[in-house]
Protein chains: 2
Amino acid sequence: MTHLNLLVGGPTSEWPDQLTAGKVSGDWIGVDRGTLRLLSMGITPLVAIGDFDSLSASELTQVKSSVSDIRQAIPEKDETDTELAITVALKEYQYDRLDIYGATGGRLDHFLANLWLVLKPRYRQFAPQIRFIDRANTITFYLPGEYALKKEADKKYLAFVPLEKVDQLNLIDEKYTLKDEDVPYPISYASNEFVGQVGHFSFKSGLLAVIQSRDN
Amino acid sequence: MTHLNLLVGGPTSEWPDQLTAGKVSGDWIGVDRGTLRLLSMGITPLVAIGDFDSLSASELTQVKSSVSDIRQAIPEKDETDTELAITVALKEYQYDRLDIYGATGGRLDHFLANLWLVLKPRYRQFAPQIRFIDRANTITFYLPGEYALKKEADKKYLAFVPLEKVDQLNLIDEKYTLKDEDVPYPISYASNEFVGQVGHFSFKSGLLAVIQSRDN
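Chain A has the name Thiamine diphosphokinase in an unreviewed UniProt entry, where Secundilactobacillus odoratitofui DSM 19909 = JCM 15043 is given as its organism.

As structure tokens, then:
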């Protein structure tokens, strides 16, 4: 499994400690201010994405002199920077997974746009390859099927989050179970927990997010 | 217009300055740790909601000796603390509006559960009366109709956020406009802006959130 990391521009206060300490392994893509933050940590991203209009002239010079592959999303294609990053990472560079940091905190319109991009028909296929990580949460995405999910050691809570109508949701061996539940609209089944180290679940249609989280 | 404020237990770092400074007018309901935070600001809430199981014995004593009306949500009714607070504020006490603080930051399963409670049939009618407020964002909710929305002085960005399928969305005089757009699934039309002090919009079916926001 190859993986690539993506840093978007949300507040650094929401970063997981591992990122703050510069200990996340693997290559990076930076979006907008994310690129500058990577450079200041001594990381040169493979690709920088954005129009960089929030950067000063000297910051822009730093980005241009450091990163060889710089791209801009095309608004006419109704494409956001994060969406372009997914295309570059998973289609063009053909990494198996993309871990996205910096997508939480601050502006909620940005967070929701990022959370929901897997609902767009052209990105839906990539849902299982995308993960959002911040200091309190890990979000993963699932297409219909049967799954065995591993507990993350530093997380206590487990939430099953249908992002749209989901049919026949089964939570099989978690603290709170469900049996063939048809979920008609988005809902966050919050504050569930693993019983052991692995939780099994399945569903027949729709798109499901799973959030492992902890209190800060 | 009468309004009531609700404080839930999210991190204080996400509070708007006005709340941190203790300058939000009106009466309060506290949920869980929110009640304790209100008491420590010298505010005695009308109602305290929660099982308070994260509080120490002395903290619990403080709550019980200060607040006369203490309630617990009934899990068997599939009711969350925030949902009970909405029922108490808007049905029982018959306030016109409810402003919710402390719902962002930290755990995303909690945030999404709160954001989406207006999609539940029994809370949908209350959507226009509910507002989420944090330091970067104000979220309001709309049922189908025609609206004139006032710009908040301290916010720059405007996002239209269908929480489900929305038909014939018109953004009439904003920076980016839409004409009779049928939106098939949740999407965050982020980073729009007001042109003047008022923005007009309309839609025919579904439930729409609007987020005014600013960079921190």
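Residue and element names in this part refer to chain A. The interhelical angle for the contact between helix H2 (residues 33-40) and helix H3 (residues 57-66), taken along N-to-C directions, is 70 degrees, at an axis separation of 10 Å. Relative to H3, H2 is oriented roughly perpendicular. Contact with H2, carried on its side by Arg33, Thr35, Leu36 and Leu39, involves Glu59, Gln62, Val63 and Ser66 of H3 and no other residues of that element. By residue class, the composition of the contact of H2 with H3 is 3 nonpolar, 3 polar and 2 charged.

Right, let's talk about the domain arrangement of chain A for a bit. All names here are of chain A. Considered domain by domain, chain A is made up of domain 1 (1-135) and domain 2 (136-216). The gap between the C-alpha centroids of domain 1 and domain 2 is 25 Å. Domain 1 puts 15 residues into the contact, and the matching count from domain 2 is 13 residues. Summed over both sides, the interface between domain 1 and domain 2 buries roughly 1,300 Å², with carbon and sulfur atoms accounting for 58% of that surface. When the buried surface of domain 1 facing domain 2 is broken down by residue, Arg124, Phe132 and Arg135 rank first, second and third, together holding 36% of it. On inspection of domain 1 and its partner domain 2, the count reaches 1 salt bridge. Ionic pairing is found between Glu164 and Arg124, a salt bridge with its closest N-O pair at 3.0 Å.

All names here are of chain B. Spatially, S8-S13-S10-S11 is the arrangement adopted by the 4 strands of the open sheet, whose pairing is antiparallel. At either end of the open sheet lies a strand with only one pairing partner, and these are strand S8 (145-150) and strand S11 (178-183). Put simply, the sheet's adjacent strands are angled 20 degrees from each other on average, direction ignored. Where strand S10 (residues 166-171) meets S11, 3 bridges bridge the pair, whose relative direction is antiparallel.

Between chain A and chain B, the contact holds 35 residues from the first and 35 residues from the second. Buried surface at the junction of chain A and chain B, summed over both partners, amounts to about 2,800 Å²; 68% is from carbon and sulfur atoms. On the chain A side of the interface with chain B, the three residues burying the most area are A:Arg107, A:Leu108 and A:Trp116, jointly 25% of the side's total. Across the chain A-chain B interface, the total number found is 2 salt bridges. Here A:Asp215 makes a salt bridge to B:Arg107, at a shortest N to O gap of 3.7 Å. There are 14 residue pairs in polar contact (both at pLDDT 80 or more) connecting chain A and chain B. Within the residue set of the side of chain A that touches chain B, elements represented by two or more residues are helix H5 (108-115), strand S7 (137-142), strand S9 (157-162), strand S12 (189-192) and strand S14 (208-213) of chain A. Tallied by class, residues from the side of chain A that touches chain B come to 20 nonpolar, 8 polar and 7 charged.

What describes two packed helices is the angle between their axes and the distance between those same axes. Between H5(A) and helix H5 (residues 108-116) of chain B, whose axes approach to 14 Å, the crossing angle comes to 95 degrees. Taken together, the axes of H5(A) and H5(B) are roughly perpendicular relative to one another. Residues A:Leu108, A:Phe111, A:Leu112 and A:Leu115 of H5(A) pack against B:Leu108, B:Phe111, B:Leu112 and B:Leu115 of H5(B). Class assignment for the residues of the contact of H5(A) with H5(B) results in 8 nonpolar, no polar and no charged.

This next bit is on the UniProt feature "domain: Thiamin pyrophosphokinase thiamin-binding" (unreviewed entry) in chain A. UniProt annotation of "domain: Thiamin pyrophosphokinase thiamin-binding" (unreviewed entry) refers to residues 145-209 of chain A when read in the numbering used here. Between the first and last C-alpha atoms of residues 145-209 of chain A the distance is 13 Å; the span itself is 0% helix and 55% strand.

On to the relation of the copies chain A and chain B, then. Between the two copies, chain A and chain B, the superposition gives an RMSD of 0.0 Å; the rotation angle is 180 degrees and the shift along the axis is 0.0 Å. Both copies are brought into coincidence by an operation consistent with a two-fold rotation axis. When each C-alpha of chain A is compared by its distance to the rotation axis, A:Gly105 comes out closest, at 3.2 Å. The share of interface residues of chain A whose copies in chain B are also at the interface is 100%, consistent with both copies meeting through the same surface.

All names here are of chain B. The topology assignment puts Gln212 in strand S14 (residues 208-213). The spatial distance from the C-alpha of Gln212 to the C-alpha of Ile133 is 9.8 Å, given a sequence separation of 79 residues. The residues touching Gln212, leaving out its near neighbours within four places in the chain, are Ala136, Asn137, Thr138, Leu149, Lys150, Lys151, Glu152, Lys155, Tyr157, Leu158 and Phe194. Here the side chain of Gln212 touches Glu152 through a polar contact of 2.8 Å, landing on its backbone nitrogen.

Analysis parameters
Residues numbered from 1 in each chain as written. Chains lettered and ligands numbered in written order. Predicted model: local features only at pLDDT ≥ 70, side-chain atom pairs only at ≥ 80, totals over all residues. Heavy atoms only, no water. Axes fitted to C-alpha atoms, helices over the stretch in contact; angles between N-to-C directions. Helix = DSSP H or I, 4+ residues; strand = E, 2+ residues; numbered from the N terminus. Parallel < 35°, antiparallel > 145°, perpendicular 65-115°, else oblique. Contact = heavy atoms within 4.5 Å. Nonpolar A, V, L, I, M, F, W, Y, C, P; charged D, E, K, R; others polar. Domains from an automatic or database assignment. Buried area = accessible area lost by both parts, 1.4 Å probe. Salt bridge = Lys/Arg side-chain N within 4 Å of Asp/Glu carboxyl O. Pairing = 2+ DSSP bridges. Polar contact = N/O pair within 3.5 Å; in protein donor to acceptor, adjacent residues only side chain to side chain. UniProt positions renumbered as here; feature names shortened; annotations may be inferred. Least-squares fit on C-alpha atoms with pLDDT ≥ 70 in both.

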